[in-house]
Amino acid sequence: RERERMASQVRYLADQDPVEEEEARKTKKPQVSCRRARQLVRHHYALTHKEDEDVNQNMKVWAPTLLDRILRIGRPVTRVFGLNSYDDRNFRYYGKSIVKFYNGVESSWPGFIDAQARAMERVRRRGVVTNCPVRTKEGKDVVYVDLPSGRHAMRVLRYLPGKLMGDEDVVQTDELLLEAGSLIGKIDAAFENFDHIGFHRNHLWDLKHFAKLKPFVEYIPNGSRKDIVLQVLREFETEVLPVSSSLRESVIHNDANDQNILTSEDGSHIIGVVDWGDSVKTWLVCEIAISMAYVMLNKKDILRDASLLLAGYCGQYPLQPEEYKVLGTLIASRLACSVTMSSYSYSKDPGNKYLLITQEPGWKALEAFVKIPKEKVLESFLNASRRNN
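Cut-offs used in this document
- Residues numbered from 1 in each chain as written.
- Predicted model: local features only at pLDDT ≥ 70, side-chain atom pairs only at ≥ 80, totals over all residues.
- Heavy atoms only, no water.
- Helix = DSSP H or I, 4+ residues; strand = E, 2+ residues; numbered from the N terminus.
- Buried < 20%, exposed > 50% of the residue type's maximum accessible area, 1.4 Å probe, protein only.
- Contact = heavy atoms within 4.5 Å.
- Areas by Shrake-Rupley, 256 points an atom, 1.4 Å probe, with all protein chains shown as cover.
- Phe/Tyr/Trp six-rings, centres within 6.5 Å; stacked < 30°, edge-to-face > 60°.
- Lys NZ or Arg CZ within 6 Å of the ring centre and 35° of its normal.
- Polar contact = N/O pair within 3.5 Å; in protein donor to acceptor, adjacent residues only side chain to side chain.

Caption draft 1: Highlighting the overall build of the protein chain. Across its full length, the protein chain holds 13 helices and 10 strands. Considering the protein chain as a whole, with its 389 residues, one finds that 54% of them fall into the buried category. Put simply, 75% of the contacts in the protein chain that link residues at least 6 apart link residues at least 24 apart. A total accessible area of about 17,900 Å² is found for the protein chain, and carbon and sulfur atoms account for 50% of it.

Shown next, in the form of structure tokens:
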């Protein structure tokens, strides 16, 4: 059976087209209501007061009373409500759990769904705080359910208290940026010598495949901004691809941005990371490049703040000389990918305002970053790497 599973995954990789899959994700989003999500959780999971106890805060997840069920009112912890998501469908469940329904594309490949659970286990064992999958009544960490949109993987995750680093009331101080960089470095250190076939995939959000973004550039309505993305694509092909064989490869989180990094309730320090849906095995340097790209959003001094994040990262997991040389281009590539795919996704789902969260700040960051001389960028990055020496 294991041999058959591996052969199936190899065939999947051979047939996988990242552009086609990205387009398919827009038509294979899970169609599930709050009520149906609640029903499915109760059917497949045995969530009790004791099992949902939060050890850190000594709090419990209370099940709804009969009155709650009839009136659909009550304390906030007795509510089931939808959360922002890109291509999946997520719910907050009675205060202390997250219910996740995976997109139909990812659901069609169980190897990737399993890989996410193994990644969470790996980093948790190495001291990184992240979500923990809840076991079903049958002892599994995932279940497959039939919805109007097709068959989807469903998983319940332990909710982590705290705020997102990107929340408006969280001030991204120098210390917080250094802590965030340190956390990302710990994640990559934890993945050293780790692998899973589920992360060997042709994912459009993998910077290794940035050149395949070209078909989506047409969805950018602004001509001058379209030219910027095309210029970044040319630099990627001439500056990164020729040296790609010298870049280290590893499993990475691939989306450790301020919407996935958690802080304490008062926003004073970093707690952990969530959302492993973009994880992939790729060039190691892509990890910090992606994080640096997003930390530039809504900042006055984008190079300084990005360099602080890099300094924290290098204190845990130093980059190699050839990785510094391509870091700037990879940062620009991620910003270009983000704004381009936001334009494409919004054209397919104009009612989903969440897709526009990073678009305008992303454009401003990209426009500002490409104007900075490359020599100045590299100098700032190298100085950041020596900060902890």
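Alright, that's what it looks like, and here's the rest.
Caption draft 2: Summary view of unusual backbone geometry. Its identity as a non-glycine residue notwithstanding, Asn-254 has a phi of 80°, on the positive side. Relative to the helices and strands, Asn-254 resides in the loop between strand 7 (249–252) and strand 8 (261–263). For Asp-275, which is not glycine, the phi dihedral falls at a positive 65°. With respect to the element layout, Asp-275 can be found in the loop between strand 9 (270–273) and strand 10 (280–283).

Caption draft 3: Representation of helix 12 (residues 359–369). Turning to helix 12, its buried residues are Gln-359, Pro-361, Gly-362, Trp-363, Ala-365, Leu-366 and Phe-369. Packing partners of the buried residues in helix 12 comprise helix 8 (223–240), helix 10 (302–314), helix 11 (321–348) and helix 13 (374–385).

Caption draft 4: View of the environment of Gln-320. Relative to the assigned elements, Gln-320 resides in the loop between helix 10 and helix 11. A relative accessible area of 29% places Gln-320 in the partly exposed class. With 35 residues separating them along the chain, Gln-320 and Val-285 place their C-alpha atoms 9.0 Å apart.

Caption draft 5: Representation of the packing of aromatic side chains. Counting across every chain of the model gives nine aromatic pairs. By way of ring pairs, the aromatic residues Phe-191, Phe-194 and Trp-276 are connected into one cluster. The ring centre of Tyr-102 lies 5.5 Å from the NZ or CZ of Lys-100, which sits over that ring. Directly above the ring of Phe-112 sits Arg-201, whose terminal nitrogen or CZ lies 3.8 Å from the centroid.

Caption draft 6: Local environment of the side chain of Asn-90. In this fold, Asn-90 is placed in strand 2 (residues 89–93). Among the polar contacts listed, one links the side chain of Asn-90 to the side chain of Lys-100, at a separation of 3.4 Å. For Asn-90, the contacting residues outside a window of four places in its chain are Phe-81, Gly-82, Leu-83, Asn-84, Ser-85, Val-99, Lys-100 and Phe-101.

Caption draft 7: Local environment of the environment of Gly-166. Residue placement: Gly-166 occurs in the loop between strand 6 (163–164) and helix 7 (174–190). Taking relative accessible area as the criterion, Gly-166 reaches 25% and is therefore assigned partly exposed. As for Gly-166 and Gly-267, which are separated by 101 residues in sequence, their C-alpha atoms are 10.0 Å apart.

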